[in-house]
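Commentary on secondary and tertiary structure
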Amino acid sequence: MVQGQEQFRQKTSQKISQKLTMQDRRHVELNGVTEVISFDNREILLESVEGMMRFAGEEMKVKRLALDRGEVELEGKIQEISYHRSGKDKTAGIFSRLFG
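Residues numbered from 1 in each chain as written. Predicted model: local features only at pLDDT ≥ 70, side-chain atom pairs only at ≥ 80, totals over all residues. Heavy atoms only, no water.

**Re the overall build of the chain**
- Scanning the chain from terminus to terminus reveals 2 helices and 6 strands.
- Start at the N end of the chain and walk to the C end: the helices and strands fall as α-β-β-β-β-β-β-α.
- By the burial criterion, 32% of the 100 residues in the chain qualify as buried.
- In the chain, the share of contacts with a sequence separation of at least 24, taken over all contacts with a separation of at least 6, comes to 46%. (Helix = DSSP H or I, 4+ residues; strand = E, 2+ residues; numbered from the N terminus. Buried < 20%, exposed > 50% of the residue type's maximum accessible area, 1.4 Å probe, protein only. Contact = heavy atoms within 4.5 Å.)

See the structure below:
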């Protein structure tokens, strides 16, 4: 892991708010990003301080990435934005359902 990423992850142990700005469904600026999981021209998956995020559409691309600051800019024809539980939350959810 890159040193800047580790410093950002340490900062995320303190509560960092997340901000998402979208312009004309073509440009997104997002902070609070901890990891880029995968991306191609139809889908971008990110891990953020609020859980995993999925951006889907056409001609999707990561325009700028600064994980040391937790920032990312995306471009494309954005058709869907969704949040999903992070891997850690899913594990907790299974045990909660079994024993809760």
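**What to know about the side chain of Ser 82**
- Tracing the sequence through the fold places Ser 82 in strand β6 (residues 71-84).
- Looking at Ser 82, its side chain comes within polar contact range of the side chain of His 84, at 3.1 Å.
- Those residues within four positions of Ser 82 in sequence are excluded, and the remaining contacts are Met 52, Met 53 and Arg 54. (Polar contact = N/O pair within 3.5 Å; in protein donor to acceptor, adjacent residues only side chain to side chain.)

**Digging into the confidence of the model for the chain**
- Looking at the chain, pLDDT values average 82 and 70% of them are 70 or higher.
- Per-element averaging of pLDDT across the chain places helix α2 (residues 87-99) at the bottom with 49 and strand β2 (residues 27-31) at the top with 97. (pLDDT = per-residue confidence, 0-100.)

**A short note on a nonpolar patch on the surface**
- A cluster of nonpolar side chains, Leu 20, Met 22 and Ile 81, forms an exposed patch at the surface whose accessible area comes to about 220 Å².
- Tracing the chain through its elements places Ile 81 in strand β6. (Patch = residues over 30% accessible without salt bridge, like charges linked within 9 Å, V, L, I, M, F, W, Y side chains within 5 Å. Areas by Shrake-Rupley, 256 points an atom, 1.4 Å probe, with all protein chains shown as cover. Salt bridge = Lys/Arg side-chain N within 4 Å of Asp/Glu carboxyl O.)

**Overview of the pattern of salt bridges**
- Following the criterion strictly, the structure yields 7 salt bridges and no others.
- Two residues, Arg 54 and Glu 43, come together in a salt bridge whose shortest N-O distance is 2.5 Å. One end of the pair, Arg 54, is in strand β5 (residues 51-66); the other, Glu 43, is in strand β4 (residues 43-48), and 11 residues separate them in sequence.
- The partly exposed category is assigned to Arg 54, whose relative accessible area is 22%.
- Taking the shortest distance from any N to any O, the salt bridge between Glu 75 and Lys 63 comes out at 3.4 Å. Note that Glu 75 is positioned in strand β6 and Lys 63 in strand β5, a separation of 12 residues in sequence.

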